[in-house]
Amino acid sequence: QVQLVESGGGLAQAGGSLRLSCAPSGRTFSQYSMAWFRQAPGKEREFVAGIHWTGRSTYYSDPVKGRFTISRDNAKNTVYLQMNSLKLEDTGVYYCAAAQGSIIVVQTTPAYWGQGTQVTVSS
């Protein structure tokens, strides 16, 4: 059974930083593009950032561009989301996702989802 396990969520002050991690179990994801999504209370889940399976390209949504950085370590089978300059509107449940193919594929039709990790930004 394939599972994506997120960690690193928690409480941070506005302007602060958090780093999320996602580690798949049951399968090596070196050839899967990975992405982070988030869902704020009362809102639909939205794409945040994606990284190609080679690690050579990334893509960000406009609200997080310049503040968040997605990266991966295929040797450790882990993908990260470094979140800096956090804002109140970054609060939500963050989900890791994976799919074979390009960033567009994981952005639109992820094959696997994690269970989510809560991020709360306070003033």
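Draft legend 1. Structural detail: the overall build of the protein. The helix and strand tally for the protein stands at one helix and eleven strands. Secondary structure elements of the protein occur, N-terminal to C-terminal, as β-β-β-β-β-β-β-β-β-α-β-β. Dimensions of the protein, computed from the C-alpha atoms along their principal axes, are close to 40 × 25 × 25 Å. Within the protein, the fraction of its 123 residues that count as buried is 43%.

Draft legend 2. Quick look at the sheet that holds strand E8 (residues 78–83). A sheet is described by the order of its strands in space; here four strands give the open sequence E1-E3-E8-E7, paired in antiparallel fashion. Because the sheet does not close on itself, it has two edges, and the strands there are strand E1 (3–7) and strand E7 (68–73). Strand-to-strand, the axes of this sheet are offset by a mean angle of 20°, without reference to chain direction. Summarising the sheet, E7 and E8 pair through six bridges and their orientation is antiparallel. Bridging from a neighbouring strand, Ser-71 pairs with Tyr-80 of E8.

Draft legend 3. Representation of the pattern of salt bridges within the structure. A complete count under the given rule lists four salt bridges for this structure. Here Arg-38 makes a salt bridge to Glu-46, at a shortest N to O gap of 2.7 Å. Assessed through its relative accessible area of 6%, Arg-38 is described here as buried. Here Glu-46 falls in the partly exposed class, since its relative accessible area comes to 33%. When salt bridges that share partners are traced, they join Arg-38, Glu-46, Arg-67 and Asp-90 into one network.

Draft legend 4. Just the nonpolar core, in detail. Grouped together as the largest cluster of nonpolar side chains are 25 residues, with contacts concentrated most on Met-34, Trp-36, Leu-81, Met-83 and Tyr-94. Among the secondary structure elements, those contributing two or more residues to this core are strand E3 (18–25), strand E4 (32–39), strand E5 (46–51), E7, E8, strand E9 (92–100) and strand E11 (117–122). Tyr-95, Ala-97, Ala-99 and Val-106 belong to the second largest nonpolar core, which has seven residues in total.

Draft legend 5. Region of interest: empty space enclosed by the protein. Counting across every chain of the model gives one cavity of 30 Å³ or more. For the largest cavity, the calculated volume is near 50 Å³. Residue lining of the largest cavity: Cys-22, Pro-24, Phe-29, Ser-30, Met-34, Arg-72, Asp-73, Asn-74, Asn-77, Thr-78 and Val-79, and that is the complete set. Sorting the residues of the lining of the largest cavity by element identifies E3, E7 and E8 as the ones contributing at least two each. Across the lining of the largest cavity, the residue classes tally to five nonpolar, four polar and two charged.

Draft legend 6. Spotlight on the layout of surface pockets. Estimated volume of the largest pocket: approximately 160 Å³. As for the largest pocket, its lining consists of Arg-38, Gln-39, Ala-40, Lys-43, Glu-44, Glu-46, Pro-63, Arg-67, Lys-87, Glu-89, Asp-90 and Thr-91. Grouping the amino acids of the lining of the largest pocket by side-chain chemistry returns two nonpolar, two polar and eight charged.

Quick notes on the rules
- Residues numbered from 1 in each chain as written.
- Predicted model: local features only at pLDDT ≥ 70, side-chain atom pairs only at ≥ 80, totals over all residues.
- Heavy atoms only, no water.
- Helix = DSSP H or I, 4+ residues; strand = E, 2+ residues; numbered from the N terminus.
- Buried < 20%, exposed > 50% of the residue type's maximum accessible area, 1.4 Å probe, protein only.
- Pairing = 2+ DSSP bridges.
- Axes fitted to C-alpha atoms, helices over the stretch in contact; angles between N-to-C directions.
- Salt bridge = Lys/Arg side-chain N within 4 Å of Asp/Glu carboxyl O.
- Core = buried A, V, L, I, M, F, W, Y, C linked by side-chain atoms within 4.5 Å.
- 1 Å grid on protein atoms, 1.4 Å probe; cavity = no way out; pocket = protein on both sides within 12 Å on 5 of 7 lines; lining within 4 Å.
- Points joined across faces, edges and corners; volume = space filled by probe spheres on them.
- Nonpolar A, V, L, I, M, F, W, Y, C, P; charged D, E, K, R; others polar.

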